[in-house]
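Take a look at the letters that make up each chain.
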Amino acid sequence: MIKVTIHEDACKSCGLCVRACPKDVLAISKRLNTKGYYAVEVAHPEACIACASCAKTCPDVAIEIEK
Ligand code: SF4
Ligand code: SF4
């Protein structure tokens, strides 16, 4: 099983991970984190192929992929 974890409070809402994901798994949510940014959410977890592009792209190391 693949698990995508977003450390919401580390997210700056830059959107790089959303663009990096080939499967449209991630989306910017409407939830503000403690820094005042709209955190990324895992909108379609079932589509994740664990390629880790998102985690490698995130400048703030806010994403973890486990499988
Ligand atoms: S691991 Fe790959 S498929 Fe899964 S959310 Fe990240 S970029 Fe998308
Ligand atoms: S790349 Fe990182 S900081 Fe940027 S939106 Fe995605 S999780 Fe947030």
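Each residue is numbered by its place in its chain's sequence as written, counting from 1. All chains are assigned letters beginning at A, and all ligands numbers beginning at 1, according to the order in which they are written. Per-residue local features of the predicted model are confined to residues with pLDDT of at least 70, and side-chain atom pairs are confined, for both listing and counting, to 80 or more; whole-chain, interface and lining totals are unaffected and use all residues.

Asks: Quick question: what am I supposed to make of unusual backbone geometry here?
Replies: One non-glycine residue, Ala-50, adopts positive backbone phi at about 60°. The secondary structure listing takes helices from DSSP runs of H or I that are at least 4 residues long and strands from runs of E that are at least 2 residues long, numbered from the N terminus. Looking at where Ala-50 falls in the secondary structure, it is placed in the loop between strand E3 (38–42) and helix H2 (53–57). Within the chain, Ala-52 stands out as a residue other than glycine whose phi angle is a positive 70°. Of note, Ala-52 is situated in the loop between E3 and H2.

Asks: Would you mind going over the site of ligand 2 with me for this structure?
Replies: Near, as applied to residues and a molecule or strand, means the residue's backbone-placed C-beta atom lies within 6 Å of it. Inspection of the region around ligand 2 gives 13 residues, with Cys-11, Cys-14, Cys-17, Cys-58 and Ala-62 positioned closest. Residues are grouped as follows: nonpolar covers Ala, Val, Leu, Ile, Met, Phe, Trp, Tyr, Cys and Pro; charged covers Asp, Glu, Lys and Arg; every other residue, Gly included, is treated as polar. Looking at side-chain class alone, the shell around ligand 2 contains eight nonpolar, three polar and two charged residues.

Asks: Explain the nonpolar core here, please?
Replies: Inside soluble globular proteins, nonpolar side chains tend to come together where they are buried. Take the buried Ala, Val, Leu, Ile, Met, Phe, Trp, Tyr and Cys residues, join any whose C-beta atoms are within 7 Å, and the set you get is a nonpolar core. Our exposure labels follow a C-beta count within 10 Å of each residue's own C-beta, placed from the backbone: buried means 20 or more other C-beta atoms, exposed means 12 or fewer, and partly exposed covers the counts in between. In terms of nonpolar packing, the biggest core is built from 13 residues, with Ile-6, Cys-17, Leu-26, Val-40, Cys-54 and Ile-63 touching the most fellow members. Going through the elements one at a time, strand E1 (3–6) and E3 are the ones with two or more residues in this core. Whether two residues are in contact depends on their C-beta atoms, placed from the backbone: they are in contact if these lie within 7 Å. Sequence-distant contacts of Leu-26, defined by excluding residues within four places in its chain, comprise Cys-17, Val-18, Cys-21, Val-40, Val-42, Ala-43 and Cys-54.

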